[in-house]
Amino acid sequence: MEHNLFSENMIKFYEMFREDAGSARECALKLEKAIPLIADDLQLGKYVISLFAPPSLYDGTGTTVEHVLYTYEEGHEVAFERYEYATGEHGRVVISAYPRKGCTWSDDEKSVLSTVSLNVFFLCGRARLIDMMKKTTITDNATGIDNVIGFMKYASEVSYKIGLEKYNGIRFNIKNFSVLNKSFSKIKSAEILRAYCNNVKNFIGNNGIVARLGGDNFVCLVKKEFLDYFLNFIIDVPIKVDPLGKVINVGARVGVCNIEHSDNIGMVMEYLDVVIGIAKYEGKDIVFFEREMIEKVNKEKVIIASFPQALSNGEFHVYFQPKVDTKDNTLCGCEALVRWIRDGK
């Protein structure tokens, strides 16, 4: 084995990483091309890297993955060198290096291999850190589900690949969210919210996405064939609140938009904002968006916007309607009725 860590082949190996790998996957693909450059010097028969990461806010199920970076076609020994490294997320990376068949490494050779493996760990760790940093930009820190940036990214990808019209847009709010917060401690309420979001995310699975807009406000895209299942689920989501199995049911108020081919995600978000507002105003569990709702809401906005000018112009007139006590027929008060008179109407 060539013991020089700065041999020509080693330099070629590190040159491949002059530019950062943009992701853990890209790093693994680079290593598949880079390891063969030094395999002969190291007398490598097989080189495997494994990652074991526990569940976290940004990786709800945790990660267990094994990647074979190199295999010598003429075989390798059964015995191997094992290098284990701790990660900042309380996980570990294990690198297993097997010598080629008939080869036995000396202590010096093992030292070189250990240094190379440490550098491989650093390269993979940096790539995974880049992945995690990207994940933080699209993840809601309180719940672990997507935030609005992640939602818009997903919607853009769907629109480009298969079309938004294959999905329904959904806005929903947790019913009596303030009561939930008052019924439990701040820490427990946060746990319940995370459990609720995790349940919704797992239920949707590959059928769409759920994202938190803030507070108790959420937005979804779900495949149209999955809509009925989702609506039946979301109006009454069971959440376990203690180890003894106590369960509370968390309800929701829901607005649904049937996305058409001509709709873009900006329009869908506007429609959902309108329909969830109507659902809350009318006190209904589920309201389906209709195109006429936009015209009605826009008309109301125009009226509200004209209030200041109407007040300035003295267009509001107060009329007093007397109230009479029927016991003695005396005036006991009045009701004030305000009429808005504009252009004689």
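Data block above holds the structure.
Residues numbered from 1 in each chain as written. Predicted model: local features only at pLDDT ≥ 70, side-chain atom pairs only at ≥ 80, totals over all residues. Heavy atoms only, no water.

Caption draft 1: Geometry of the sheet that holds strand 1 (residues 44–53). The 4 strands are arranged 2-1-4-3 in an open sheet whose pairing can be described as antiparallel. Each edge of the open sheet is held by one strand with a lone partner, namely strand 2 (63–71) and strand 3 (81–86). Within the sheet, the average angular offset between the axes of one strand and its neighbour, ignoring direction, is 15°. In terms of strand pairing, strand 3 meets strand 4 (residues 92–99) through 6 bridges, oriented antiparallel. Bridge pairing in strand 4 places glutamate 81 opposite alanine 97. Contacts between helix 2 (residues 24–42) and the sheet are confined to strand 1 and strand 2, with strand 2 contributing the most and set at about 45° to the helix. On top of the sheet, helix 3 (residues 107–137) reaches strand 1, strand 2, strand 3 and strand 4; it is set at about 35° to strand 3, its chief contact. (Pairing = 2+ DSSP bridges. Helix = DSSP H or I, 4+ residues; strand = E, 2+ residues; numbered from the N terminus. Axes fitted to C-alpha atoms, helices over the stretch in contact; angles between N-to-C directions. Contact = heavy atoms within 4.5 Å.)

Caption draft 2: Looking closely at a nonpolar patch on the surface. Together, Val148, Ile149 and Leu213 make up an exposed nonpolar region whose accessible area comes to about 230 Å². Tracing the backbone through its elements, the reader meets isoleucine 149 in helix 4 (residues 148–161). (Patch = residues over 30% accessible without salt bridge, like charges linked within 9 Å, V, L, I, M, F, W, Y side chains within 5 Å. Areas by Shrake-Rupley, 256 points an atom, 1.4 Å probe, with all protein chains shown as cover. Salt bridge = Lys/Arg side-chain N within 4 Å of Asp/Glu carboxyl O.)

Caption draft 3: Expanded view of the sheet that holds strand 10 (residues 252–258). Taken together, 5 strands build an open sheet; the order of strands is 6-7-5-10-11 and the sheet is mixed. Because the sheet does not close on itself, it has two edges, and the strands there are strand 6 (208–214) and strand 11 (286–288). Shown here is a sheet whose adjacent strand axes are inclined to one another by a mean of 20°, direction ignored. As defined by bridge partners, strand 5 (residues 167–174) adjoins strand 7 (residues 217–223) across 7 bridges and the pair is classed as antiparallel. Residue pairing for strand 7: phenylalanine 172 is matched across the bridge by phenylalanine 218. The sheet contacts of helix 4 involve strand 5, strand 6 and strand 7, and relative to strand 6 the element is tilted by about 150°.

Caption draft 4: A look at helix 7 (residues 227–234). Within helix 7 the residues assigned to the buried category are Leu227, Phe230, Leu231, Phe233 and Ile234. End-on view of helix 7: buried residues confined to an arc of 165°, all on one side of the axis. Facing away from the buried side of helix 7 by over 90 degrees, the exposed positions are Asp228, Tyr229 and Asn232. (Buried < 20%, exposed > 50% of the residue type's maximum accessible area, 1.4 Å probe, protein only. Arc of directions from axis to C-beta.)

Caption draft 5: Local environment of the environment of valine 78. Summarising the element assignment, valine 78 is placed in the loop between strand 2 and strand 3. C-alpha separation for the pair valine 78 and glycine 125, spaced 47 residues apart in sequence, amounts to 27 Å.

Caption draft 6: Geometry of the nonpolar core. Counting 32 residues, the largest nonpolar core has Leu31, Leu44, Tyr47 and Val120 as its most contacted members. Apart from the residues lying within four places of it in its own chain, the contact partners of tyrosine 47 are Ile35, His67, Val68, Leu69, Tyr70, Ile95, Ser96, Ala97, Leu113, Val116, Ser117 and Val120. Ranked by size, the runner-up nonpolar core spans 30 residues in total, among them Ile174, Val200, Val254 and Val256. (Core = buried A, V, L, I, M, F, W, Y, C linked by side-chain atoms within 4.5 Å.)

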